[in-house]
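Examination of the molecular architecture
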Amino acid sequence: MKRIFIHDVVPRDGLQNENQFIPTHQKIELINQLSEAGIDKIEVTSFVSPKAIPNLKDAEEVMKGINRKPGVTYSALVPNLKGAERALRCSVDEINLVVSVSDSHNLKNIRRTTAQTFEGFEEIMRYLSNENILVNGSLGTSFGCPFEGEIPEEKVLQLIDRYLELGVNGITLADTTGMATPSQVYQLAKTVLDHWSELPLTLHFHNTRGMGLANVNEGIRAGVTRFDASLGGIGGCPFAPGASGNICTEDLVHMLLFMGYNVRADLDRLINTANYLQANVAHDLPGQIIKAGKITDLHSTSEI
């Protein structure tokens, strides 16, 4: 059965949205547990200004403190040249660049237009040109914008082309505010892979309207094999009214395993790690498997 690669973004996308700062040693332990659970890629942190995102002010300490497991890619989001310099000093495996397809969302998020952001990426790529490091280009609001509505497919394709001209190694299409529908996911993913058949394409879904796992299935049907998820289902975009978090890693792995896909991640270890996370964020996680258990967990009739 088809091999599916799982990328966990909880240390960055998830923890940056928490109401409290998670201590550095707990972040490191969380990442180490994800590594041991067989996650293929982990977005460890973001090298942003501590003033902008105080929850990630310990980016260097976390990246330098984790145990690196062979076969796992350790990634970090980088917003600008200064962030790229910090990331290189910490020997990250991959740098993730992020821009919104929607100008309105990009302006709201980082106070720059999409075009201005790509100008900054050019500077970063020149700086990295002689470095042996992977670079991934992410496109937020690829499936819709809460300010502009529908995003033209052609605009997404143009920005993928621009990323590839800069020399990135892979592309992520992100449903930043949970607006994607399964049929839309299939069509856009198929179009992209028809244009660039060898492109390492990742899909990043939020579960804002409860369609996250359905979107994954349609992405797989279109030929995608790489998916972002967040342990416990935490995270999400602050500019999506009523938004819940990202699709949940253990829920995703549970679905894929019981559908017969080849997934390296160990589901039981992921559930244990989700329990560790829940204890440290001190609130219930939105994921379902942590509440209901696996479909193979049987109960005595006296328990019901």
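See the structure above.
Quick look at the structure, then. Bear in mind that the values here come from a model prediction, so they are computed numbers and not experimental data.

**Some thoughts on the overall build of the protein**
- In terms of helices and strands, the protein carries twelve helices and nine strands.
- The globule rule puts the C-alpha radius of gyration for 304 residues at 19 Å, and the 18 Å found for the protein is close to it.
- Considered along the principal axes of its C-alpha atoms, the protein spans approximately 65 × 40 × 35 Å.
- Sequence separation of 24 or more characterises 74% of the internal contacts of the protein that already satisfy a separation of 6 or more.
- For the protein, the computed accessible surface area is about 13,200 Å², with 48% contributed by carbon and sulfur atoms.

**Details of the packing of helix α6 (residues 114-128) against helix α7 (residues 153-166)**
- One can describe the packing of α6 onto α7 by two numbers: an axis separation of 10 Å at closest approach and a directional angle of 20°. With respect to α7, the element α6 is oriented roughly parallel. Both α6 and α7 take part in a crossing whose hand is right-handed. Along the contact surface, α6 presents T114, A115, F118, F121, E122 and M125, while α7 presents L159, R162, Y163 and L166.
- For the contact of α6 with α7, the class distribution of residues is seven nonpolar, one polar and two charged.

**Side note on the pairing of strand β5 (residues 134-140)**
- Of all seven residues making up β5, six are buried, and the element is well covered by its neighbours.
- Alignment of strand β4 (residues 94-100) against β5, held across seven bridges, turns out to be parallel. Pairing of V98 across the sheet is with S138, part of β5.
- With respect to chirality, the unit in which β5 leads through α7 into the neighbouring parallel strand β6 (residues 170-175) is right-handed.

**Thoughts on the packing of aromatic side chains**
- In total, this model carries four aromatic pairs according to the counting rule given.
- On the basis of an interplanar angle of 75° and a centroid distance of 5.5 Å, the ring pair of F118 and F121 is categorised as edge-to-face. Of this pair, F118 and F121 both sit in helix α6, three residues apart, which is roughly one turn of the helix. In this structure, F118 and F121 share a single accessibility class: buried.
- Three or more aromatic residues joined by ring pairs make a cluster, and in this case those are F118, F121 and Y163.
- The aromatic ring of F5 is capped on one face by R3, whose charged end is 4.2 Å from the ring centroid.
- The ring of Y186 has R221 sitting right over it, with the charged end atom 3.8 Å from the ring centre.

Thresholds applied
- Residues numbered from 1 in each chain as written.
- Predicted model: local features only at pLDDT ≥ 70, side-chain atom pairs only at ≥ 80, totals over all residues.
- Heavy atoms only, no water.
- Helix = DSSP H or I, 4+ residues; strand = E, 2+ residues; numbered from the N terminus.
- Rg over C-alpha atoms; globule rule 2.2 N^0.38 Å.
- Contact = heavy atoms within 4.5 Å.
- Areas by Shrake-Rupley, 256 points an atom, 1.4 Å probe, with all protein chains shown as cover.
- Axes fitted to C-alpha atoms, helices over the stretch in contact; angles between N-to-C directions.
- Parallel < 35°, antiparallel > 145°, perpendicular 65-115°, else oblique.
- Left-handed = near helix turned anticlockwise from the far one by under 90°.
- Nonpolar A, V, L, I, M, F, W, Y, C, P; charged D, E, K, R; others polar.
- Buried < 20%, exposed > 50% of the residue type's maximum accessible area, 1.4 Å probe, protein only.
- Pairing = 2+ DSSP bridges.
- Right-handed = clockwise from strand over helix to strand, strands pointing away.
- Phe/Tyr/Trp six-rings, centres within 6.5 Å; stacked < 30°, edge-to-face > 60°.
- Lys NZ or Arg CZ within 6 Å of the ring centre and 35° of its normal.

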